[in-house]
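Structural features, examined
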Amino acid sequence: MTTAIPDEKGVEAVVAQEPVAASAKRALSSPWASLTAIIIAVLWTIPTFGLLVTSFRPEGEIPKSGWWTALWNGGWTLDNYDQVLNGSDTNLSTYFVNSLVITIPSVLIPISIAVMAAYAFAWMKFPGRDFLFVAIFALQIVPIQVTMIPLLKLYVNQGFAGSDAPGGGFYTIWLSHSIFALPLAIYLLHNFMSQIPGELIESARVDGAAHVQIFTRIMLPLMAPAIAAFGIFQFLWVWNDLLVALVFGGGSLEVSPLTVRLAELSGTRGNDWFLLSSGAFVSLVVPLIVFLSLQRYFVRGLLAGSVKG
């Protein structure tokens, strides 16, 4: 029986890293670091809190004094929310449904394509794989504004643009959001998938599993944190988007999301700008629910993996 002698350089490297990790842990957990984090969180929250207070203030009080005066002077009202939700000119219910109709497919389509493409780039060998992956990665530097006119021209030539097109004009918005999201989605999911140990894939192949079985039974469960993390970013980006929906939706109210209506909520002369604060918080409800319900996947994404070594 032989005993393996540890590599001296490896032992020295591990010993050298321990003080660095310990000092970093002490620095991050020190009272000063905690105080700094609290100060940043408070400064970040104050504008949002001010917007929330403003949304409950009467129309006549908003231009007279700052929002902080309402904390001790009172004068709260729900008229702004009632007008935003039930007003004949500012009813947001239709636009709220349009935002859901636009956002959900615009999240599911790029994720479905990107997961399969990431698996192909990570674990399948084919000619030109590296060049194609670099080309897809390079597409991230192309500004969205540069692609809008050629893409819109393509939609018009194919008969996809306009409310009379198939899908009532939603197809162009879905496709545009999916096209713009795919380069980043493929890059992020590929990086996560490539970190999965190859021994797991080889053992599955020894057991007779093909690519379909490996992808569906092994990769997808392990990729759940990364998929959820990207899904949150994509959901927030699409939900808060104004430019893509305005350009490729053609300005039609039938396919306009909440952001388009919020941009018009203050009126042509800005007389109704007091409604923007309440309308903004109405649009914040769904993204807030999505983020709070899926935020645990960010931590899982850091710790996910089948083999630790």
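To be clear, the structure that these remarks concern was listed above.
Summarised in this report is the structure supplied together with it. Because the structure is a prediction, the values reported are computed rather than measured.

Turning to the environment of Phe192, a few remarks are in order. Mapped onto the secondary structure, Phe192 falls in helix α8 (residues 170-194). With 33 residues separating them in the primary sequence, Phe192 and Pro225 have C-alpha atoms 9.7 Å apart.

This next bit is on the pattern of salt bridges. Should their charged atoms come close, side chains of opposite charge can pair. Taken as a whole, this structure holds 2 salt bridges when the rule is applied. Here Arg205 ties to Glu202 by a salt bridge, and the two come within 3.6 Å at their closest N and O atoms. Remark: Glu202 and Arg205 occur in helix α9 (residues 198-206); sequence separation between them is 3 residues, near one turn of the helix. You can call Glu202 partly exposed: its relative accessible area is 44%.

Here helix α6 (residues 129-138) crosses α8 at 125 degrees, and the two axes come no closer than 8 Å. Comparing their axes, α8 and α6 come out oblique. The hand of the α6/α8 crossing is left-handed. Two secondary-structure elements touch here, α6 through Phe133, Ile136 and Phe137 and α8 through Pro183, Ile186, Tyr187 and His190.

A separate point is the layout of surface pockets. Each pocket or cavity is described by its volume, and for the largest pocket that value is around 380 Å³. Along the walls of the largest pocket sit 16 residues, with Ile144, Ile179, Phe180, Ala181 and Pro183 positioned nearest its centre. Looking at the lining of the largest pocket, the elements with two or more residues in it are α7 (144-158), α8 and α10 (211-239). Looking at the lining of the largest pocket element by element, the count peaks at 5 residues for α8. The residue inventory of the lining of the largest pocket, partitioned by class, reads 13 nonpolar, 3 polar and no charged. In this model, the second largest pocket occupies a volume close to 210 Å³.

What the rule picks out here adds up to 1 cavity of 30 Å³ or more. Along the walls of the largest cavity sit Ser99, Ile102, Thr103, His177, Val238, Trp239, Asp241, Ala245 and Pro257, which together make up its complete lining. At the level of elements, α5 (93-123) and α10 are the ones that each hand at least two residues to the lining of the largest cavity. Per-element tally for the lining of the largest cavity: the top contributor is α5, with 3 residues. Split by residue class, the lining of the largest cavity holds 5 nonpolar, 3 polar and 1 charged.

Rules behind the numbers
- Each chain carries its own residue numbering, running from 1 in the written order of its sequence.
- pLDDT decides what is reported in this predicted model: residues at 70 or higher carry local features, side-chain atom pairs at 80 or more are listed and counted, and totals for whole chains, interfaces and linings draw on all residues regardless.
- Water and hydrogen atoms were dropped before computing side-chain values, which therefore reflect all heavy atoms in the structure.
- Only DSSP runs of H or I covering at least 4 residues are called helices, and only runs of E covering at least 2 are called strands; the numbering of each starts at the N terminus.
- The rule for a salt bridge is simple: a side-chain nitrogen of Lys or Arg has to be within 4 Å of a carboxyl oxygen of Asp or Glu.
- Whether a residue is buried, partly exposed or exposed follows from its accessible area with a 1.4 Å probe, protein chains only, as a fraction of its type maximum: under 20%, in between, or over 50%, in that order.
- Fitted lines through C-alpha atoms give the axes, limited to the stretch in contact for helices. The angle between two N-to-C directions lies from 0 to 180 degrees.
- Geometric relationships in this document are graded by angle, where less than 35 degrees denotes roughly parallel, more than 145 denotes roughly antiparallel, 65 to 115 denotes roughly perpendicular, and other angles denote oblique.
- Crossing handedness is defined as follows: a turn of the near helix away from the far one that is anticlockwise and smaller than a right angle gives a left-handed crossing, while the clockwise case is right-handed.
- Residues are treated as being in contact if the distance between any of their heavy atoms lies within 4.5 Å.
- The pocket and cavity definitions rest on a 1 Å grid over protein atoms only: a 1.4 Å probe that fits but cannot leave marks a cavity, an open set with protein on both sides within 12 Å along at least five of seven lines marks a pocket, and residues lining either have an atom within 4 Å of a point.
- Grid points are joined across faces, edges and corners, and a volume is the space filled by probe spheres set on the points.
- Only Asp, Glu, Lys and Arg are considered charged, only Ala, Val, Leu, Ile, Met, Phe, Trp, Tyr, Cys and Pro nonpolar, and every remaining residue, Gly among them, polar.

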